[in-house]
Amino acid sequence: MISLKSILSKKGYVKIKLKKTSTNHFEVKAKINGIKGRFILDTGASNSCVGLEMISHFKLDAKESKIKAAGAGSSEMETQQSTKNTLKIGDWKYHNLHLVLFDLSHVNTALKNHGAKTVEGIIGADVLEKGEAIIDYKKKRLYLKKLIYKF
């Protein structure tokens, strides 16, 4: 029997290991602008996000935003935005990442209260759609299709 891994590999996908946390989220390690971080994979988040306190850590060029963020347990949060960032997850790269920046303390408090590690941000549906994501829940793997850039 042919495995999902071999089928997707032939179609240009890269395999990324996921870790299931004590809160039942999938966690993924990634780099933004070459700097490592830990992120929750959230198919329900429309945009990828980073905590405001991580702006200098990830060398983000933050700009004011009129958009209000809403998430689990919180709504109408002030945001900033950062554009033209590089994201690397495993061997998958994206060179024009737009990030929403807002206070993730409520997320990290909930994670800590359940014995999970805190995160620097959230990988949302924008990235998953760009990478034509396929999630193998049983084997805890994320597959993203390599992007081809024409310069």
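Residues numbered from 1 in each chain as written. Predicted model: local features only at pLDDT ≥ 70, side-chain atom pairs only at ≥ 80, totals over all residues. Heavy atoms only, no water.

Draft legend 1. Quick look at the overall build of the protein chain. The number of helices and strands found in the protein chain is 3 helices and 13 strands. Since a compact globule built from 151 residues should have a radius of gyration of about 15 Å, the 16 Å found for the protein chain is in line with a globular shape. By its C-alpha atoms, the protein chain is 50 × 45 × 25 Å across when sized along the principal axes. In the protein chain, buried positions account for 40% of the 151 residues. Taking the intrachain contacts of the protein chain between residues at least 6 apart in sequence as the baseline, contacts between residues at least 24 apart amount to 59%. Surface summary for the protein chain: the accessible area is close to 9100 Å², and the carbon and sulfur share equals 51%. Within the protein chain, one finds 28 positive and 14 negative side-chain charges whose respective centroids are separated by 12 Å. (Helix = DSSP H or I, 4+ residues; strand = E, 2+ residues; numbered from the N terminus. Rg over C-alpha atoms; globule rule 2.2 N^0.38 Å. Buried < 20%, exposed > 50% of the residue type's maximum accessible area, 1.4 Å probe, protein only. Contact = heavy atoms within 4.5 Å. Areas by Shrake-Rupley, 256 points an atom, 1.4 Å probe, with all protein chains shown as cover. Lys, Arg positive; Asp, Glu negative; His and termini not counted. Charge placed at Lys NZ, Arg CZ, Asp CG, Glu CD.)

Draft legend 2. Layout of unusual backbone geometry. Non-glycine residue Lys59 carries a positive phi angle of around 55 degrees. Here Lys59 shows up in the loop between β5 (49-51) and β6 (63-64). A positive phi angle, close to 60 degrees, is found at Lys84, a residue other than glycine. Among the structural elements, Lys84 can be located in strand β9 (residues 80-89). Judged by its relative accessible area of 67%, Lys84 is exposed.

Draft legend 3. Summary view of the environment of Tyr13. Among the structural elements, Tyr13 can be located in strand β1 (residues 13-17). By relative accessible area, which is 12% here, Tyr13 ends up buried. Sequence-wise, Tyr13 and Leu142 are 129 residues apart; in three dimensions their C-alpha atoms are separated by 9.5 Å. Residues in contact with Tyr13, not counting those within four places in the same chain, are Leu8, Gly131, Glu132, Ile134, Tyr143, Leu144 and Lys145. There is a polar contact of 3.1 Å between the side chain of Tyr13 and the backbone oxygen of Glu132. (Polar contact = N/O pair within 3.5 Å; in protein donor to acceptor, adjacent residues only side chain to side chain.)

Draft legend 4. A look at the pairing of strand β10 (residues 92-102). Pairing between β5 and β10: 3 bridges, direction parallel. Considered in β10, the bridge of Gly51 is made with Phe102. The sheet contact formed by β9 and β10 spans 7 bridges and is antiparallel. In the sheet register, Lys88 faces β10, and the bridge partner there is Lys93. Hairpin geometry of β9 and β10 is characterised by an intervening segment of 2 residues between the two adjacent antiparallel strands and by a positive phi of about 60 degrees at Gly90. (Pairing = 2+ DSSP bridges.)

Draft legend 5. Molecular detail of helix α2 (residues 105-113). Buried within α2 are the following residues: Val107, Asn108 and Leu111. Buried positions in α2, seen along its axis, are confined to an arc of 90 degrees and lie on one side of it. Contacts made by the buried residues of α2 are with β4 (35-41). (Arc of directions from axis to C-beta.)

Draft legend 6. The side chain of Ser48, seen in detail. Tracing the sequence through the fold places Ser48 in the loop between β4 and β5. Within the structure, Ser48 has its side chain in polar contact with the backbone nitrogen of Gly124 (distance 2.9 Å). Once residues within four sequence positions are removed from consideration, Ser48 is found in contact with Leu97, His98, Leu99, Val100, Ile122, Ile123, Gly124, Asp126 and Val127.

Draft legend 7. Inspection of the environment of Ala110 at higher detail. One can find Ala110 in helix α2. Looking at Ala110, the relative accessible area reads 35%, which means it is partly exposed. With 87 residues separating them in the primary sequence, Ala110 and Thr23 have C-alpha atoms 8.8 Å apart.

Any link to function would need more than the numbers given here.
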